[in-house]
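# Per-entry structural report
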Amino acid sequence: MKKIVLILLVSFPLFSFSQNNLDQTLVGNHYLSVQWISWDYFGTAKIVKSEKANTYTIEGHQNSKENSDFLKIKGTITPTSAKHLVFNGAIETQVDFINNGEPCIREGEFNFKVKGNRKYWRLQEMNNPCSEVTDYVDIYFIQKK
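Since the structure is predicted, the reported quantities are computational estimates derived from the model, not experimental observations. Each chain carries its own residue numbering, running from 1 in the direction its sequence is written. pLDDT decides what is reported in this predicted model: residues at 70 or higher carry local features, side-chain atom pairs at 80 or more are listed and counted, and totals for whole chains, interfaces and linings draw on all residues regardless. Just so you know, side-chain values use all the structure's heavy atoms and leave hydrogens and water out.

## What about the confidence of the model for the protein?
Per-residue confidence for the protein gives a mean pLDDT of 88, with 85% of residues at or over 70. Residue-level confidence of the predictor, termed pLDDT, takes values from 0 up to 100. Throughout, a contact is declared for two residues whenever any of their heavy atoms are within 4.5 Å. Low pLDDT, under 50, characterises residues 4-17; the predicted model gives this stretch three contacts beyond four residues in sequence or across chains.

## A word on the state of the cysteines
Disulfides are defined in this document as cysteine sulfur pairs within 2.5 Å. What the rule picks out here adds up to one disulfide. Between the sulfur of Cys104 and that of Cys130 lies a disulfide, 2.2 Å long from S to S. Across the S-S bond linking Cys104 and Cys130, the dihedral sits near 85°, which makes this disulfide right-handed. Of this pair, Cys104 sits in strand S6 (residues 104-113) while Cys130 sits in the loop between strand S7 (120-123) and strand S8 (137-143), and the two are 26 residues apart along the sequence. Strands here mean DSSP runs of E at least two residues long; helices mean DSSP runs of H or I at least four residues long; both are numbered from the N terminus.

## Quick word on the sheet that holds strand S1 (residues 28-34)
Strand pairing requires that DSSP identify at least two bridges connecting the strands. Strand order in this closed barrel of eight strands is S1-S2-S3-S4-S5-S6-S7-S8, and the pairing throughout is antiparallel. Recorded for the sheet is a direction-independent mean angle of 25° between the axes of neighbouring strands. In this sheet, strand S3 (residues 56-63) lies alongside strand S2 (residues 43-49) in antiparallel orientation, the contact comprising six bridges. Counted as the bridge partner of Thr44 is His61 from S3. Comment: axis = line fitted to C-alpha atoms, over the contacting stretch for helices; angle = value between 0 and 180 degrees taken between N-to-C directions.

## Concerning unusual backbone geometry
One non-glycine residue, Asn99, adopts positive backbone phi at about 55°. The buried label goes to any residue with under 20% of its type's maximum accessible area, the exposed label to any with over 50%, and the partly exposed label to all in between, with areas taken from a 1.4 Å probe on protein chains only. For Asn99, a relative accessible area of 22% puts it in the partly exposed group. A positive phi is found at Asn100, a non-glycine position, where the angle reads about 55°. Here Asn100 is to be found in the loop between strand S5 (84-94) and S6. The exposed category is assigned to Asn100, whose relative accessible area is 76%.

So, in structure tokens, the structure goes:
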């Protein structure tokens, strides 16, 4: 009996986020940000369930209110868990004091993860490929209505 209870307790986290729960968490409009633009006002990213199993599409942007700086994201998401999203696509940033104000495009596979009690998935490949800075690109759980 103790073995059965232990197995259930160990297995519970694996089953606590069913596909329906994951759909409810992911599908919809989410806040999106990169710290260079603002953590006070956000952009939005729309996540849609695709026809391919366990795959979602994402498209979003954050625009500066002060200049032409922006963040754009477009691609697919494949969750490996509720706390780890594998993103395939493009992330483009333009910040006036980074990369001489020119757009910086990252393309390929990237990881967004939740750490601790944070309420967002953060891009794990934080080093900006066009400059020696660290980008905090975040997709928030909170959905914009």
